[in-house]
Amino acid sequence: MSLTGYLIDCGIPYVEGADINSSDRWDAIGIRRQMHLKCYKEFNLTGSGLFSCPSSGKWIADLRCDSEWKIYEDNIYILQELHLNWQQAKEKCEEYQAYLVEINSKNENIWITEKLVNPFHGKPNRITVFWIGASDIKQEGSFTWSKSKTLLKNTDYTNWNRGEPNDAGRNEDCVLLSLDLKGKWNDFPCKSKLPFVCEKELK
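Engineer: How would you sum up the overall build of the chain? Please name residues and give values.
Structural biologist: Scanning the chain from terminus to terminus reveals two helices and 13 strands. Burial analysis of the chain (203 residues in total) assigns 46% to the buried set. Taking contacts inside the chain between residues at least 6 apart in sequence as the whole, the part at least 24 apart equals 59%. If you sum the accessible surface of the chain, you get close to 12,200 Å²; carbon and sulfur atoms cover 47% of it.

Engineer: Tell me what's going on with the environment of Ala18, and back it up with residues and numbers.
Structural biologist: Residue position: Ala18 is located in strand β1 (residues 18-19). Judged by relative accessible area, Ala18 falls into the buried class, the value being 12%. Separated by 46 residues in sequence, Ala18 and Arg64 have C-alpha atoms that sit 7.9 Å apart. Those residues in contact with Ala18 that lie beyond four places of it in its chain are Leu37, Lys38, Cys39, Tyr40, Leu63 and Cys65.

Engineer: Give a detailed account of helix α1 (residues 86-95), specifying residues and quantitative values.
Structural biologist: Those residues of α1 that fall on the buried side of the exposure criterion are Trp86, Ala89, Lys90 and Cys93. Here the buried residues of α1 occupy an arc of 100 degrees about the axis, which is enough to place them on one side. The inward-facing, buried residues of α1 contact β7 (75-84), β8 (99-100), β9 (129-135), β11 (174-178) and β13 (194-201). Two or three places before Gln87, at the opening of α1, Asn85 has a side-chain oxygen 3.1 Å from that residue's backbone nitrogen.

Engineer: Just give me the short version of the pattern of salt bridges, but keep the residues and values in it.
Structural biologist: A side chain with one charge can pair with a side chain of the opposite charge if their charged atoms come near. In total, this model carries five salt bridges according to the counting rule given. Of the charged contacts in the structure, one is a salt bridge between Arg64 and Asp66, with a shortest N-O distance of 3.0 Å. The exposure class assigned to Asp66 is partly exposed, which follows from its relative accessible area of 31%. Between Asp180 and Arg126 there is a salt bridge, and its shortest N-O distance comes to 3.7 Å. With Asp180 in the loop between β11 and β12 (184-188) and Arg126 in the loop between α2 (106-117) and β9, the pair connects residues that are 54 residues apart, well separated along the chain. By relative accessible area, Asp180 is classed as partly exposed at 46%.

Engineer: I'd like a rundown of the nonpolar core, residues and numbers included.
Structural biologist: By size, the foremost hydrophobic cluster in this structure holds 33 residues, and its most contacted members are Phe43, Leu63, Trp131 and Phe196. Counting residues per element, the ones that place at least two in this core are β5 (60-66), β7, α1, β9, β11 and β13. Leave out the neighbours within four places in its chain, and Phe196 touches Ile78, Leu79, Gln80, Leu82, Leu84, Ala89, Lys92, Cys93, Leu100, Phe130 and Trp131. Counting residues in hydrophobic clusters, the runner-up holds 23 residues, among them Tyr72, Val101, Phe130 and Tyr157.

Engineer: Just give me the short version of the side chain of Lys90, but keep the residues and values in it.
Structural biologist: When you line up the elements, Lys90 lands in helix α1. In contact with Lys90, not counting residues within four places along its chain, are Leu100 and Ser146.

Engineer: Tell me about the state of the cysteines, and name the residues and values.
Structural biologist: Here the structure, examined in full by the defined rule, presents three disulfides. Two residues share a disulfide in this structure: Cys93 and Cys198, whose sulfurs sit 2.0 Å from each other. Taking the sign of the torsion about the S-S bond as the criterion, the disulfide between Cys93 and Cys198, at about -85 degrees, is left-handed. Placement of Cys93 in helix α1 and of Cys198 in strand β13 is noted, with a sequence separation of 105 residues between them. Look at Cys198 and you get buried, because its relative accessible area is 0%.

Thresholds applied
- Residues numbered from 1 in each chain as written.
- Predicted model: local features only at pLDDT ≥ 70, side-chain atom pairs only at ≥ 80, totals over all residues.
- Heavy atoms only, no water.
- Helix = DSSP H or I, 4+ residues; strand = E, 2+ residues; numbered from the N terminus.
- Buried < 20%, exposed > 50% of the residue type's maximum accessible area, 1.4 Å probe, protein only.
- Contact = heavy atoms within 4.5 Å.
- Areas by Shrake-Rupley, 256 points an atom, 1.4 Å probe, with all protein chains shown as cover.
- Arc of directions from axis to C-beta.
- Polar contact = N/O pair within 3.5 Å; in protein donor to acceptor, adjacent residues only side chain to side chain.
- Salt bridge = Lys/Arg side-chain N within 4 Å of Asp/Glu carboxyl O.
- Core = buried A, V, L, I, M, F, W, Y, C linked by side-chain atoms within 4.5 Å.
- Disulfide = S-S within 2.5 Å.

Structural data, given as structure tokens:
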């Protein structure tokens, strides 16, 4: 007669806003193990932070990390409903040690459009457009991300609307994202006051 053994564990724990690196996760995934996690500093911790791995193989967590910041991959994002011009929006993000959002992939563009901003689209003062972190203020026609200083033409992803950028009226030097255009980008006058999205790297 042969016996087969089964190793059961709870896997890597996950709570949005919790810093998995605040504890030795690899030593804590086994059954009957316990660990404590902390929230990233942009999130407010509720509970003790204790994670327990019972015989069911599913984590029991006494932890919640609350914030208006939302996580996507290795960065966090926040939608600011405050209407500012592009430069003011950039400076406001910098007050949070963040920057106007830089969108580097189709999936990131979809997440920002559908998950971060779209819930505000149905409000009475609904958001239809918002600033992102690109402009050609320093050199006409050379759109550049403000944080990384990367030229958009040298990146793997852009999402311009058809016919854009067109510098209509020779006065459109900053870039917005439009929900009504399904996440497409458009150049727009920088002095216009719009909502905006800030982005920050998790550390």
